[in-house]
Amino acid sequence: MSATRFRPRAAAVMAGGLLVTGLAACGGDGGGGGETTGSGGGTAAASGEGVDDGTELTMWTRAPLERQAINAVEAYNATHENQVALEILPNDDVEGMVGSAAQTDSLPDILAGDVVRIPYWTEQGIFTDLTDQIGSLENVDDLQEGHIDAGTLDGAIHTLPFVTDISVMVWNKDLYEQAGLDPEAGPTTLDEFVEHAQAVAALDQDGVAGSYLSGQSGGALVFTLLPTIWASGEEVLNDDGTEAMLDGEAAQAVYSAYRELAETPNGLGAGSREETGATWTAPFQEGNIGVMPYPYTAVTGMFEDAAFEVGVAAIPGVDGGGSTFLGGDAIGISRSSENVDQAWNFMAWLMSDDAQQTVFADNNDTAASLTVLADGYADADPRTEVANATVADGRTPVARNFNEAFNAAGSPWQLLIQDAVWGEESAIGSHNDAVNAVLAP
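Let me sum up the structure you'll find in this document. As the structure is a prediction and not an experimental result, all values here were calculated from the model. (Residues numbered from 1 in each chain as written. Predicted model: local features only at pLDDT ≥ 70, side-chain atom pairs only at ≥ 80, totals over all residues. Heavy atoms only, no water.)

### Let's talk about helix H18 (residues 428-439)
(1) Moving on: Taking 1.5 Å per residue as the helical rise, H18 with its twelve residues ought to reach 16 Å, and the 17 Å between its terminal C-alpha atoms agrees with that figure.
(2) Moving on: Residues Ile 428, His 431, Asn 432, Val 435, Asn 436 and Leu 439 constitute the buried set of H18. Within H18, the buried residues cover an arc of 150° as seen down the axis, which keeps them to one side.
(3) Moving on: The inward-facing, buried residues of H18 contact helix H9 (249-262), helix H16 (402-407) and helix H17 (412-422). (Helix = DSSP H or I, 4+ residues; strand = E, 2+ residues; numbered from the N terminus. Expected span 1.5 Å × (residues − 1). Buried < 20%, exposed > 50% of the residue type's maximum accessible area, 1.4 Å probe, protein only. Arc of directions from axis to C-beta. Contact = heavy atoms within 4.5 Å.)

Structure, rendered in structure tokens:
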């Protein structure tokens, strides 16, 4: 199935992002049940589908998941009286804009954010308590748990899955064939990953490299490197997210693999050490990289548009197996919202199997509904089915200070990778200690 292209009916470029509104359409009046007060002071329908009465709602999401967010908003606006105005925030501006809006109580009605940042936002009271509403969903037990757990604090539930972004191993089948590799067989172990990358590197083609690494982007690095550790049967954090184990045996093997590629001519693409994440998906999209872990949300559009054939598989462990980083964004209703019942109407609709099918499955994206994930891809590209199969073995690391320890510019995790791959290997232990210092409560 080819990905559906979005053609906005009404769009206006704004400072800080893209505002998208759809034409009003007739929709059912999903009246809610009784009312309760949310943790942020908003009034929330205790159960049901919320209220669809023609209210204009505001919503923020971040740029990396723009396509999926637009698909969701357009589908909702086309079938409901309520209309959602979507603002796309540059990824690097999200934290500052949310912080400023929280201080002035001017957050949007609906807020989506990186799932690893949700625990901190929840603790800071950014979201309305939706425990009763979420508990009333007929399919609540069928929804992926990671994005719900991230927004749960002291038993109160604040968030639902929005966009599930998973990391997968991708390879350029054309380059594989030129390198004498089987284009239909990606790497199944860490050693095979290195061997395949080195085979492509040995082609010695101008601008072509075996693999690529976003060396200055902590977020991209956790998304691509941690799954190999999980697939090897090891953990990266303790249960309460206050201690890191980034100097374990599997982790050390991952660092050594990339160090070997860094020391191989054409092993890692030019700019890997300096890559901040702004353009880290581009080298593969341009056909210049043999094999690398990659965000699946960036893969689906390549099925028809890329000038080469793309292979997709789970990210392998040291000796086999596979895993994925269950990333993407969770979604909640902000404490600033005066339209909680109407905002819940959008969220309840989005969790329905019909919406999960239309918005996500029909566009080769990963659904949050496990039923749709299992049954809704009969006509999808076979590579989407391969990607979806990785979800069962995926993880979402949860820690209050995850952003500071891993994602933030200059984080101790980012510095660990810089030394482990290009610098002083003996510093790995001290960098792990630095991560622990940030994670500690």
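Moving on from the model shown.
### Digging into unusual backbone geometry
(1) Moving on: Within the chain, Asp 105 stands out as a residue other than glycine whose phi angle is a positive 55°.
(2) Moving on: Structurally, Asp 105 is set in the loop between helix H2 (94-103) and strand E7 (110-114).
(3) Moving on: The class of Asp 105 is partly exposed, set by a relative accessible area of 47%.
(4) Moving on: Residue Asn 364 is not a glycine yet carries a positive backbone phi of 65°.
(5) Moving on: Relative to the elements of secondary structure, Asn 364 occurs in the loop between helix H13 (353-360) and helix H14 (370-375).

### Details of a negative patch on the surface
(1) Moving on: A cluster of acidic residues, Asp 191, Glu 195, Glu 249, Glu 260 and Asp 319, forms a negative patch on the protein surface.
(2) Moving on: Along the polypeptide, Asp 319 turns up in the loop between strand E12 (310-313) and strand E13 (326-333).
(3) Moving on: Residue Asp 319 is classed as exposed on the basis of its relative accessible area of 74%. (Patch = residues over 30% accessible without salt bridge, like charges linked within 9 Å, V, L, I, M, F, W, Y side chains within 5 Å. Areas by Shrake-Rupley, 256 points an atom, 1.4 Å probe, with all protein chains shown as cover. Salt bridge = Lys/Arg side-chain N within 4 Å of Asp/Glu carboxyl O. Lys, Arg positive; Asp, Glu negative; His and termini not counted. Charge placed at Lys NZ, Arg CZ, Asp CG, Glu CD.)

### Here we look at the nonpolar core
(1) Moving on: Counting residues in each nonpolar core, the largest one holds 65 residues, and the members touching the most others are Leu 160 and Phe 346.
(2) Moving on: Looking at this core element by element, the count peaks at nine residues for helix H12 (residues 340-351).
(3) Moving on: Apart from residues no more than four positions distant in its own chain, Phe 346 is found in contact with Met 59, Ala 72, Tyr 76, Val 84, Ile 110 and Ile 331.
(4) Moving on: Listed in part, the 63 residues of the second largest apolar core include Val 98, Val 222, Ala 420 and Leu 439. (Core = buried A, V, L, I, M, F, W, Y, C linked by side-chain atoms within 4.5 Å.)

### Remarks on the pairing of strand E6 (residues 83-89)
(1) Moving on: Counting buried residues along E6, seven of its seven residues qualify, which places the element largely inside the surrounding structure.
(2) Moving on: Neither face of E6 is exposed, since Gln 83, Ala 85, Glu 87 and Leu 89 on one face and Val 84, Leu 86 and Ile 88 on the opposite face are all buried.
(3) Moving on: With seven bridges connecting them, strand E5 (residues 56-62) and E6 associate as parallel partners. Opposite Leu 57, over in E6, you have Val 84 as the bridge partner. (Pairing = 2+ DSSP bridges.)

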